[in-house]
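Structural overview
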Amino acid sequence: MPDVEWQVRGSYFEACNCEAICPCRSVGGQPGGPSSYGECFGTLSWHVHAGHWGDVDLADLLVVMSLRYFDQVQPSTKWDVVLYVDDRGNEAQRAALAEIFLGRAGGTVSELYGPAIGDVYAIRPARITVEHVAARKRIDVVGHVTVEAEGAVSAPGDVRCGIPGFDHPGTELAGRVLESRDPALRWEIRGKRQASFATDFEYRASERL
């Protein structure tokens, strides 16, 4: 594991195939449970507003992760993952993003979702755009992923998710489009009003550093 001091913070938006509100989330302080259908697939996105990996600046870079797992039997399978890193970043920046968001750098991510990651099918530099602020949220990974959601289905702050951390309450949204065209992970849902969620995040290296 790299022994580097790092920190990233910014905005977060995700969508999956579950019914909204996603049953995996904590609602009103109550713990979540299994996915809606025993198979969960979806896409997570992070916009790093400020951050660094040692002396490598990570501000304004984007990361997207597509994943699939099965929990119709317990324990759940590990996540199958494709990670997309912002092609505006240089080689050092892209490598740092992959280390952090795949949980390989330890720290906060290893305490939240990192242990759930199993096979990483690909790490792809990609042209990424996201909309985390406007009413209609969106993730675009050119040639690979399209996600859209609009319309709150929860009160602000009433829903929490373990990926950004339960200390970062957010809002559940109604998904409109969930599509992955990547040869490693493929799916398409349109018009179903599936689960989506928006909040902020902050991850950092272990305190021992």
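The structure this text deals with has already been given above.
Below: a short report on this structure. Quick caveat: nothing in here was measured; it's all calculated off a predicted structure.

Time to look at the overall build of the chain. Secondary structure summary: the chain contains two helices and 14 strands in total. The globule rule puts the C-alpha radius of gyration for 209 residues at 17 Å, and the 16 Å found for the chain is close to it. Principal axes of the C-alpha set define a box for the chain whose edges measure 45 × 35 × 35 Å. Burial analysis of the chain (209 residues in total) assigns 52% to the buried set. Within the chain, contacts between residues at least 6 apart in sequence are counted, and of these 66% link residues at least 24 apart. When the 21 basic and 29 acidic side-chain charges of the chain are each reduced to a single mean position, those positions are 5 Å apart.

With that out of the way, let us pick up helix α1 (residues 91-101). Listed in full, the buried residues belonging to α1 are Q93, A96, L97, A98, I100 and F101. Two or three places before A92, at the opening of α1, N90 has a side-chain oxygen 3.1 Å from that residue's backbone nitrogen. Where α1 ends, the next residue or the one after it, G103, has phi of about 80°, a positive value.

Turning to the side chain of Q7, a few remarks are in order. You can see Q7 is positioned in strand β1 (residues 6-19). Engagement of the side chain of Q7 in a polar contact is seen with the side chain of E202, the distance being 2.4 Å. Once residues lying within four places of it in the same chain are set aside, the contact partners of Q7 are A50, G51, H52, E202, Y203 and R204.

Time to look at the environment of V27. By secondary structure assignment, the location of V27 is in strand β2 (residues 26-27). C-alpha of V27 to C-alpha of D158: the two residues are 131 residues apart in sequence and 5.9 Å apart in space. If we ignore the near neighbours within four places in the chain, the residues touching V27 are I21, D158 and V159.

Turning our attention to unusual backbone geometry. Cis geometry marks the peptide bond from A20 to I21; its omega dihedral reads 0°. In the segment running from Q74 into P75, the intervening peptide bond is cis, with an omega of 0°. In this fold, P75 is placed in the loop between β5 (62-70) and β6 (79-86). Located in the positive-phi region is D60, a residue other than glycine, with phi close to 70°. Its identity as a non-glycine residue notwithstanding, R193 has a phi of 60°, on the positive side. Structurally, R193 is set in the loop between β13 (185-190) and β14 (194-204).

A separate point is the pairing of β5. Judged by how many residues are buried, β5 sits mostly within the fold: eight of nine residues are covered. Where strand β3 (residues 39-53) lies against β5, nine bridges are found, and the strand directions are antiparallel. Its bridge partner lying in β5, T43 is registered against S66. Bridging between β5 and β6 involves six bridges; their strand directions are antiparallel. Bridge pairing links M65 to L83 in β6.

Let's shift gears to the packing of aromatic side chains. For the structure on display, the rule yields 10 aromatic pairs. Between Y69 and W79, the ring centres sit 6.4 Å apart and the planes meet at 25°, which makes this aromatic pair stacked. Taken together, the residues span a long stretch of sequence, with Y69 in strand β5 and W79 in strand β6 at a distance of 10 residues. Given a relative accessible area of 9%, W79 falls into the buried group. One aromatic cluster is present, formed by Y12, W46, Y69, W79, F101, Y113, F201 and Y203 through successive ring pairs.

About the criteria used
Residues numbered from 1 in each chain as written. Predicted model: local features only at pLDDT ≥ 70, side-chain atom pairs only at ≥ 80, totals over all residues. Heavy atoms only, no water. Helix = DSSP H or I, 4+ residues; strand = E, 2+ residues; numbered from the N terminus. Rg over C-alpha atoms; globule rule 2.2 N^0.38 Å. Buried < 20%, exposed > 50% of the residue type's maximum accessible area, 1.4 Å probe, protein only. Contact = heavy atoms within 4.5 Å. Lys, Arg positive; Asp, Glu negative; His and termini not counted. Charge placed at Lys NZ, Arg CZ, Asp CG, Glu CD. Polar contact = N/O pair within 3.5 Å; in protein donor to acceptor, adjacent residues only side chain to side chain. Pairing = 2+ DSSP bridges. Phe/Tyr/Trp six-rings, centres within 6.5 Å; stacked < 30°, edge-to-face > 60°.

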